[in-house]
Amino acid sequence: MSVRTEGSSNYEYVTARVRSRRAKLFDEDDYRKLVRMGPSEIARFMEETEYETEMNALGARHSGIDLVEYALNENLAKHFDDLLTWSEGPLYGYIANYLRKFDTWNVKTLIRGVYTDADREDIQDDLIRTGEFSDDFLDRLADATSIEELVELLENTIFGEPLADAFSDYESEGVLVPLENAVDRAFYAHLMDDIGTPEPDTPTALYREFLQAEIDFRNVRNALRIARSGADIDPAAYFMEGGRLFRAEEIRQLASNTEELVARIRESTYGDDLADALEDLEDADSLIGFEHALDSALLEYSQKLSNRYPLSVCPVLSYVLAKEREIENIRAIARGREAGLSVDEIETELVQ
Amino acid sequence: MELAAALSSVAPVLQAAENAGPALTAPGAAALAVGLAALGAGIAERGIGAAAMGAIAENEDLFGRGLIMTVLPETLVILALVVVFVV
């Protein structure tokens, strides 16, 4: 299922706007200030920035850190919807495919909401209204009262078939893992629709490379998490197709042996970018540092691509990633301050 | 016999064409040069204009700079106009 609009891509217009917006994101100084603020100060600070409109609009219904969080989501949705409004032709298709990321987020939120019997209002607050699903459709989904109903409603989307397949597993085991896994896999399986195998060293080829890197990193992360947790899970069941680094059979073997996995990543094309992080990983106990390193490596990679091919989808992707990181950083700071974490602890959580 | 008759009827026409000189006169060529230059400038301005509009939409202060950048390829047409005076 692909999205198509008429005409050719308007890269010039979209990249100009996107670059301008990227330049306006919070920089290191802003984060340094934010980390040292209390929860109410953060809210006040946000009211004076980019997030002013959302903070004011939601101020009547929420307060404190919740307000910050909902404002962040709303703002994210607004900016990403703008991207879709501006773009035309193949560019629209690329962006829409990538923004399905938020469809997966929404579907998971809905499934979890129904599973925990959350209020309709609460579920709706947590949705991020961007991506392929329209507002109406999301509202109808939020009205669903059982997971079966949700699966039926989603029948005509990319998530339909995988969800229907996973539904029997859910019914027999009573856990959400198979459903959520199906959603993620559907997203990654459709990520590279419409791209095919482009000529090497063209913008489209680089876009493909970027998506492959994202899938590879996702696989590495999953494998490491499974290896660390020591849980008796088959890593191959969580493997995403389409990457360059592993094949499904390999990951099963590598996940049981962290050292081999690290050696494998070091030899790969990502070795240079991740060298420092890999060293940390070998002597650290936690995966957090490494996962952040993966995030920032991806961010840097997207930035590199967007400089190499100014008139392509790469600057847009780089902006999408940077904006997502900003939202995650602010959320981490707000939640961290609320929980009373120290400045140092919060700073290790930030990805720049 | 018929062929010779046909040739003799065509020959004066061919001669007339030779007498008329080149198909494109000097002013005509100059006009074409200006036209092509203007077309090139238009193609160049398409991308720049789109990018400038994007920048202006984000930040209105960029209006002046955007305008200047957009009309820069117009210098091409002015240079091509010189050809008109040279010929």
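Under an unreviewed UniProt entry, the name given to chain A is A-type ATP synthase subunit C, and the organism recorded is Natronomonas aquatica. Its UniProt record gives chain A a comment under Subunit (unreviewed entry), which states: "Has multiple subunits with at least A(3), B(3), C, D, E, F, H, I and proteolipid K(x)."

## Considerations on the overall build of chain A
Summing up its helical and strand segments, chain A has 18 helices and zero strands in all. Looking at chain A residue by residue over its 352 residues, the buried ones come to 52%. Relative to all contacts within chain A whose residues are 6 or more apart in sequence, the contacts with residues 24 or more apart total 66%. A total of about 16500 Å² of accessible surface is found on chain A, and carbon and sulfur atoms cover 44% of it.

## Let's talk about the overall build of chain B
The number of helices and strands found in chain B is four helices and zero strands. Counting from the amino terminus, helix and strand elements in chain B follow one another as α-α-α-α. Taking all 87 residues of chain B together, 18% fall into the buried category. Within chain B, contacts between residues separated by at least 24 positions form 71% of all contacts whose residues are at least 6 apart in sequence. Accessible surface, chain B as shown: approximately 6300 Å² in total, 75% of it carbon and sulfur.

## Quick look at helix H11 (residues 177–191) of chain A
Residue and element names in this part refer to chain A. Between its terminal C-alpha atoms H11 stretches 21 Å, which fits the 21 Å expected from 15 residues at 1.5 Å a residue. Taken residue by residue, H11 has Pro178, Leu179, Glu180, Asn181, Ala182, Val183, Ala186, Phe187, Tyr188 and Leu191 as its buried positions. In this fold, the buried residues of H11 make contact with helix H6 (89–115), helix H9 (147–153), helix H10 (160–173) and helix H12 (203–229).

## Section: the nonpolar core
As a rule of thumb, soluble globular proteins bury nonpolar side chains together. Residues and elements named next belong to chain A. Ranked by internal contacts, the top residues of the largest apolar core, which has 89 residues, are Leu34, Leu83, Tyr98, Phe210 and Ile330. No other element matches the twelve residues that helix H5 (residues 64–86) contributes to this core. Ignoring any residue separated from it by four or fewer positions in sequence, one finds tyrosine 98 in contact with Phe187, Leu191, Tyr207, Phe210, Leu211, Glu214, Leu317, Val320 and Leu321. Listed in part, the 27 residues of the second largest apolar core include Ile111, Phe133, Ile158 and Ala182.

## Remarks on a nonpolar patch on the surface
A contiguous nonpolar surface patch, about 530 Å² in accessible area, is contributed by Leu24, Leu32, Leu36, Leu39 and Ile43 of chain B. According to the relative accessible area criterion, leucine 36 of chain B is exposed, its value standing at 55%.

## What about the pattern of salt bridges?
Residue and element names in this part refer to chain A. Under the defined criterion, the tally for this structure stands at 26 salt bridges over all chains. Notably, a salt bridge pairs glutamate 347 with arginine 36, separated by 3.8 Å at the nearest N-O pair. With a gap of 311 residues between them, glutamate 347 in helix H18 (residues 343–349) and arginine 36 in the loop between helix H2 (28–35) and helix H3 (39–47) connect regions that are remote in the sequence. Where glutamate 54 meets lysine 78, a salt bridge forms, and the shortest distance between an N and an O atom there is 3.2 Å. Here glutamate 54, found in helix H4 (residues 52–58), pairs with lysine 78, found in helix H5; they are 24 residues apart in sequence, far enough to count as distant.

## Looking at the interface of chain B and chain A
With nine residues of chain B at the contact, the number on the chain A side is ten residues. Summing both sides of the interface, chain B and chain A together bury roughly 700 Å²; the carbon and sulfur share of this comes to 51%. Between the two partners, chain B and chain A, sit four salt bridges. We note a salt bridge from arginine 21 of chain A to glutamate 58 of chain B, for which the minimum N-O separation is 2.8 Å. The interface formed by chain B and chain A includes three residue pairs in polar contact (both at pLDDT 80 or more). Residues belonging to the side of chain B that touches chain A are distributed by class as follows: five nonpolar, two polar and two charged.

## So, H6 of chain A
All names here are of chain A. In a regular helix each residue adds 1.5 Å, so 27 residues correspond to 39 Å; H6 covers 39 Å between its end C-alpha atoms and thus fits that length. Along H6, the sharpest change in direction is near 30° and occurs at tyrosine 98. Counting buried residues in H6 gives 23 out of 27 residues, a clear majority hidden from the surface. Following H6 by one or two positions, aspartate 117 has its phi on the positive side, about 55°.

## Re the environment of alanine 277 of chain A
Residues and elements named next belong to chain A. Relative to the helices and strands, alanine 277 resides in helix H15 (residues 271–283). The spatial distance from the C-alpha of alanine 277 to the C-alpha of glutamate 291 is 8.8 Å, given a sequence separation of 14 residues. Setting aside residues no more than four positions away along its own chain, alanine 277 makes contact with Phe290 and Ala293.

## Some words on unusual backbone geometry
Positive phi, close to 55°, is recorded for aspartate 117 of chain A, a residue that is not glycine. Examined against the element boundaries, aspartate 117 of chain A turns out to sit in the loop between H6 and helix H7 (120–126).

## Observations concerning a negative patch on the surface
A grouping of Glu148, Glu149, Glu152, Glu155 and Glu171 of chain A is seen on the molecular surface, where their side chains present a negatively charged patch. Here glutamate 155 of chain A is to be found in the loop between H9 and H10.

## Remarks on the side chain of arginine 17 of chain A
With respect to the helices and strands, arginine 17 of chain A occurs in helix H1 (residues 11–23). Within the local environment of arginine 17 of chain A, its side chain forms a polar contact with the side chain of glutamate 58 of chain B, the two groups lying 3.0 Å apart. Discounting chain neighbours no more than four positions away, the residues touching arginine 17 of chain A are Trp86 of chain A together with Gly54, Ala57 and Glu58 of chain B.

## A closer look at the confidence of the model for chain B
Counting all residues, the mean pLDDT for chain B is 83, and 77% of those residues have values of 70 or more. Considering each helix and strand of chain B separately, the mean pLDDT is smallest for helix H1 (residues 2–19) of chain B, with a value of 57, and largest for helix H3 (residues 63–71) of chain B, with 93.

## A short note on the packing of aromatic side chains
Residue and element names in this part refer to chain A. For the structure on display, the rule yields twelve aromatic pairs over all chains. Taking the centre distance of 6.3 Å and the plane angle of 50° together, the rings of tyrosine 98 and phenylalanine 210 count as tilted. Here tyrosine 98, found in helix H6, pairs with phenylalanine 210, found in helix H12; they are 112 residues apart in sequence, far enough to count as distant. Taken individually, tyrosine 98 and phenylalanine 210 each receive the classification buried, so the pair is uniform in this respect. Plain terms: the ring middles of phenylalanine 133 and phenylalanine 137 are 5.1 Å apart, the flat faces sit at 90° to each other, and that makes the pair edge-to-face. The class of phenylalanine 137 is buried, set by a relative accessible area of 12%. Among the aromatic residues, those joined into a ring-pair cluster are Phe26, Tyr31, Phe45 and Tyr51.

What counts as what
Residues numbered from 1 in each chain as written. Chains lettered and ligands numbered in written order. Predicted model: local features only at pLDDT ≥ 70, side-chain atom pairs only at ≥ 80, totals over all residues. Heavy atoms only, no water. UniProt positions renumbered as here; feature names shortened; annotations may be inferred. Helix = DSSP H or I, 4+ residues; strand = E, 2+ residues; numbered from the N terminus. Buried < 20%, exposed > 50% of the residue type's maximum accessible area, 1.4 Å probe, protein only. Contact = heavy atoms within 4.5 Å. Areas by Shrake-Rupley, 256 points an atom, 1.4 Å probe, with all protein chains shown as cover. Expected span 1.5 Å × (residues − 1). Core = buried A, V, L, I, M, F, W, Y, C linked by side-chain atoms within 4.5 Å. Patch = residues over 30% accessible without salt bridge, like charges linked within 9 Å, V, L, I, M, F, W, Y side chains within 5 Å. Salt bridge = Lys/Arg side-chain N within 4 Å of Asp/Glu carboxyl O. Buried area = accessible area lost by both parts, 1.4 Å probe. Polar contact = N/O pair within 3.5 Å; in protein donor to acceptor, adjacent residues only side chain to side chain. Nonpolar A, V, L, I, M, F, W, Y, C, P; charged D, E, K, R; others polar. Bend = angle between axes of the 7 residues up to and from the residue. Lys, Arg positive; Asp, Glu negative; His and termini not counted. Charge placed at Lys NZ, Arg CZ, Asp CG, Glu CD. pLDDT = per-residue confidence, 0-100. Phe/Tyr/Trp six-rings, centres within 6.5 Å; stacked < 30°, edge-to-face > 60°.

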